[in-house]
Amino acid sequence: MAGKFAKRALDLTGASLGLILLLPLFALIAVAIKSTSRGPVFFLQQRYGLDGALFTVLKFRTMHLHMCDTSGICQTVHNDPRVTRIGRFLRSSNFDELPQLINVLKGEMSLVGPRPHVPGMLAAGVPYEMFDTRYMDRHRVRPGITGLAQVKGFRGETKDRHAARMRLKHDLAYIERQSLSLDVKILTETIVQEFFRRSGY
């Protein structure tokens, strides 16, 4: 129980400070999105949350409005033609994920946890639930902005069986091992990997 309170305290503190410090960046990104493509600043999408309940995740819009896939089943690939010019920068820097700090404040997400998936997400060409019967077990905790699978290099597409299996393996391992110290370690590694090495697309 104490661990849950500590994790929530970390989430509230981190998300609040992040939103305050990043407010000027949010404003610049909003202007860039609106001035380079037609459509809203934010992209809204239904994803699995705690215990499999659906919630609306927030992201900066990175695709042309008429090409946006609200289902999320058609995963983004390298040099995806749907992605706008500013969207490529946002994805490579992972700045597109920053609005999820609001989801954290609302209690729908955590700073660290398995990444939230859309219903019907595919793994090696089949629904994840069919690919591995343990899939729904990853929803025993709140989804995170980042997670163990991401810092271990298993993010992005899940077309490959090995990548899909390893992502789930690390998600489940995180649930079994979760602690405040592990969250801090994952957050630190995420800052280095995602924001400085720009590994997203």
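Conventions and cut-offs
- Residues numbered from 1 in each chain as written.
- Predicted model: local features only at pLDDT ≥ 70, side-chain atom pairs only at ≥ 80, totals over all residues.
- Heavy atoms only, no water.
- Helix = DSSP H or I, 4+ residues; strand = E, 2+ residues; numbered from the N terminus.
- Areas by Shrake-Rupley, 256 points an atom, 1.4 Å probe, with all protein chains shown as cover.
- Buried < 20%, exposed > 50% of the residue type's maximum accessible area, 1.4 Å probe, protein only.
- Pairing = 2+ DSSP bridges.
- Contact = heavy atoms within 4.5 Å.

Peer 1: I would appreciate a short explanation of the overall build of the protein in the present structure.
Peer 2: Scanning the protein for helices and strands turns up seven helices and six strands. Ordered by position in the sequence, the α and β elements of the protein form the string α-β-β-α-α-β-β-β-α-β-α-α-α. Accessible area for the protein stands at about 10,200 Å²; split by element, carbon and sulfur atoms hold 64% of it.

Peer 1: Any chance you could explain the pairing of strand S2 (residues 54-60) here in plain terms?
Peer 2: The side chains of a regular strand alternate, residue by residue, between the two faces of the sheet. Counting buried residues along S2, five of its seven residues qualify, which places the element largely inside the surrounding structure. Bridge count between strand S1 (residues 42-48) and S2: seven bridges; the pairing is antiparallel. Residue pairing across strands places Gln-45 opposite Val-57, the latter belonging to S2. Counting the residues between successive antiparallel strands, the hairpin from S1 to S2 contains five residues, one of them, Asp-51, with a positive phi of roughly 60°.

Peer 1: Just checking my understanding: could you explain the environment of Pro-40 for this structure?
Peer 2: When you line up the elements, Pro-40 lands in the loop between helix H1 (2-36) and S1. Between the C-alpha atom of Pro-40 and that of Leu-65, which follows or precedes it by 25 residues, the distance is 8.2 Å. Contact partners of Pro-40, with chain neighbours within four places excluded, come to Ile-33, Lys-34, Arg-61 and Leu-65.

Peer 1: Would you explain unusual backbone geometry in this entry?
Peer 2: In most cases, non-glycine residues show a negative phi, while peptide bonds are predominantly trans. One non-glycine residue, Asn-94, lies in positive phi territory at about 65°. Its location among the elements puts Asn-94 in the loop between helix H2 (85-93) and helix H3 (100-105). Even without a glycine there, the phi angle at Ala-124 is positive, about 55°. Counting through the fold element by element, Ala-124 comes out in the loop between strand S4 (122-123) and strand S5 (126-127). For Ala-124, a relative accessible area of 25% translates into the label partly exposed.

What is shown is where atoms sit, not what they do.
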